[in-house]
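Per-entry structural report
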Amino acid sequence: GTIALQGATYPVVNTASISVSSPQPLDDAYRGVVTGTVLETPQAFRWIIQAYKRTPTGTSQVAVQALADGATGAFSIDLSGVSAGADGEWMFGLLDATAGYAPYGSLWPTVDTYDGLSIQHLIVTDNVYFWSSQQAPANGAAYWFENSNTGNKMYRLVDDSTGDILAEYIRPTGVVRSYVYGPGETGYGTAMEGRGFVYDQALALFAAIASNKHAEAKLLAQGLLAFQTNGGQHDGGFVFAAPQLSPSYTDPFYRTGAHAVATDALLAFIEAYPGDSDHAQFVADAQRALDFIDSTYSNTGATNGLYLGGYGNYSGMPQTFDSSAVITWASLEHSMDIWHAFMRAEAVIGGYSSKATALSGAIHSGLYNVAEQRLNQGINGGSPDTADPLDANTWGAIYLNGVGKTDEANHVLTRLPAFAVTQAGVNGYAPFYGAGGYPGATPTVWYEGSFGALLSYYRTGQYGAYRTLLDSLVNGQESDGSFRYATTEDITYEIGISRSTAATAWFVIATQGRD
């Protein structure tokens, strides 16, 4: 790679341990005598000159050595016996005879470097790992490293005295971080800082489509596909979360709802940009994602006609991952996500209307709480999970309206006052309330869920409630345009307060993408 300093100066040094005086320049094919001087303190019988050849694959010793003069440090080394077929650039270094002939100092030629400025080579897999470092070249031209390891490659320009990272490069993956953590916030300084959740990636894609940003949407769609499994038992499945900079290094952890939202977002891209150059590949990937949903279908017991939770689970302390675990509960949220994906698949690919119809029937027969005229959270252990989270009502209203049950949609929205919270000058909704099956829930304005409520008001034609809620929620927007996940942290139910991709994308979806 190359570097170019902007607005900074560093002293220029050369760290080579020897200098070559003849011939100049030294051609790679030269096979004669080379003369020069050791730049370290001369000492009798100490400094051995070792010849090397450097190629694009690395640096290797050549079987030629010479002893430097103990008084002057001068040396001459005869290369005439080296095979003409030995490719690569000539290099010379010192071996220290007083230290077991160990290599000493830097090889010649060594370019001038900036004193106090390093280039770090890092490897990104499940985390960011330091690999090697070198001083930054002062000619601003090439720097290179002889070896690496498996993983995405990251390079940083670092001030040695302060540790400040002046510049950083890694090949973009198209994956967005889910959160930006500030000091003192849960997750700050941990691997969570570089983590992306596939649900958030899908929401960002929806937001880009809603904003009609084709190039940005395509990058996000390609990033979404970095979560998709290729081959094996779970082919087509979108993993739940992955490191932003190396999304292939993650556990095969699948949740049907997040997968369905990702599938819906990919189909939305196909629908919005039918002339995209990669249209056929995106359609094929979407079909594999739809096939994965089929693998979670339940045809027995209380969950008959619904889709189970997914695959893979963490357990124990410290946590271990079981990739073979089948998640046997069925979630309302997952079921609604799948219905939306099937409806869009019908519009984009065709052949999914009957599956959507069958699923809506199973949702209404298995998840609708007739006594309370609302939707249950799910079915767990063969029994109804009657907990009452916000999105069962807001997403529920959007879903019910979509299947033509407008009276039921309007009725579930009358339940929202139980979730109402005012904090930091913002009126919004909490994800849970204690009496709704979440004991000890902390009151907080949940921006992601509140924007979901906003969209549910719009979709059901309650435009006055939409306008009133929107006018209040925008007061929570940060100076950089983002929204936090919530106003107050709820540790029990893992509701954080960091700046959030999901919350911000939901704002765009509920305004620009509301239709």
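Residues numbered from 1 in each chain as written. Predicted model: local features only at pLDDT ≥ 70, side-chain atom pairs only at ≥ 80, totals over all residues. Heavy atoms only, no water.

**A short note on the pattern of salt bridges**
Heads up, the condition is: Each reported salt bridge corresponds to a side-chain nitrogen of Lys or Arg within 4 Å of a carboxyl oxygen of Asp or Glu. Helix and strand assignments come from DSSP, with helices taken as H or I runs of at least 4 residues and strands as E runs of at least 2, each series counted from the N terminus. Exposure classes here rest on a 1.4 Å probe applied to the protein chains alone. A residue is buried below 20% of its type maximum, exposed above 50%, and partly exposed in between.
One pass over the structure, following the stated rule, counts 18 salt bridges. Across the pair Arg-288 and Asp-285 runs a salt bridge whose closest N-O atoms are separated by 3.3 Å. Of the two residues, Arg-288 and Asp-285 both sit in helix α4 (residues 279–294), three residues apart, roughly one turn of that helix. Arg-415 serves as the salt-bridge partner of Glu-372, at 4.0 Å between the closest nitrogen and oxygen. With Glu-372 in the loop between β20 (368–369) and β21 (374–375) and Arg-415 in the loop between α8 (406–413) and β24 (420–423), this residue pair connects regions lying 43 residues apart in the sequence. The partly exposed category is assigned to Glu-372, whose relative accessible area is 38%.

**Overview of the packing of helix α3 (residues 256–272) against α4**
Spelled out, the test is: Only the stretch in contact is used when a helix axis is fitted, and all axes are lines through C-alpha atoms; the angle between N-to-C directions ranges over 0 to 180 degrees. An angle counts as roughly parallel when it lies under 35 degrees, as roughly antiparallel when it exceeds 145, as roughly perpendicular when it falls between 65 and 115, and as oblique in every other case. Here a crossing is taken to be left-handed if its near helix is turned anticlockwise relative to the far helix by less than a right angle, and right-handed if that turn runs clockwise. It only takes one pair of heavy atoms within 4.5 Å for two residues to be counted as in contact. Under the scheme applied here, ten amino acids are nonpolar (Ala, Val, Leu, Ile, Met, Phe, Trp, Tyr, Cys and Pro), four are charged (Asp, Glu, Lys and Arg), and all others, including Gly, are polar.
Direction vectors running N to C along α3 and α4 enclose 155°, while the axes themselves pass 10 Å from each other. Regarding the angle of α3 to α4, the classification is roughly antiparallel. α3 and α4 meet at a crossing whose hand is left-handed. Residues His-259, Ala-260, Thr-263, Leu-266, Leu-267, Phe-269 and Ile-270 of α3 form the contact with α4, whose participating residues are His-279, Phe-282, Val-283, Asp-285, Ala-286, Ala-289, Leu-290, Phe-292 and Ile-293. Its residues placed into classes, the contact of α3 with α4 shows 12 nonpolar, three polar and one charged.

**Examining the sheet that holds strand β27 (residues 499–500)**
Applicable threshold: Strands are labelled as partners when DSSP assigns at least two bridges between them.
Here we have three strands laid out as an open sheet, ordered β13-β27-β26, and antiparallel in their pairing. Each edge of the open sheet carries a strand with a single partner, namely β13 (179–180) and β26 (483–484). Bridge count for β26 against β27 is two bridges, and the pairing is antiparallel. Bridge pairing in β27 links Arg-484 to Arg-499.

**What about the sheet that holds strand β8 (residues 102–108)?**
Here we have four strands laid out as an open sheet, ordered β5-β4-β7-β8, and antiparallel in their pairing. In this open sheet, the two edge strands, each paired with only one partner strand, are β5 (58–67) and β8. Going across the sheet, the axis of each strand differs from the next one's by a mean of 30°, ignoring polarity. As paired strands, strand β4 (residues 47–55) and β5 are joined by seven bridges and run antiparallel to one another. Within the sheet, the bridge partner assigned to Ile-49 lies in β5 and is Ala-66.

**Considerations on unusual backbone geometry**
Put simply, Gln-24 and Pro-25 share a cis peptide bond, and its omega is 0°. With respect to the helices and strands, the residue Pro-25 is situated in the loop between β2 (18–22) and β3 (33–38). The backbone of Tyr-101 shows a phi angle near 60°, a positive value even though the residue is not glycine. Along the chain, the position of Tyr-101 falls in the loop between β7 (89–96) and β8. Despite not being glycine, Asn-212 shows a phi value in the positive range, around 55°. Checked against the element boundaries, Asn-212 lands in the loop between α1 (198–210) and α2 (214–225). What makes Asn-212 exposed here is its relative accessible area of 59%.

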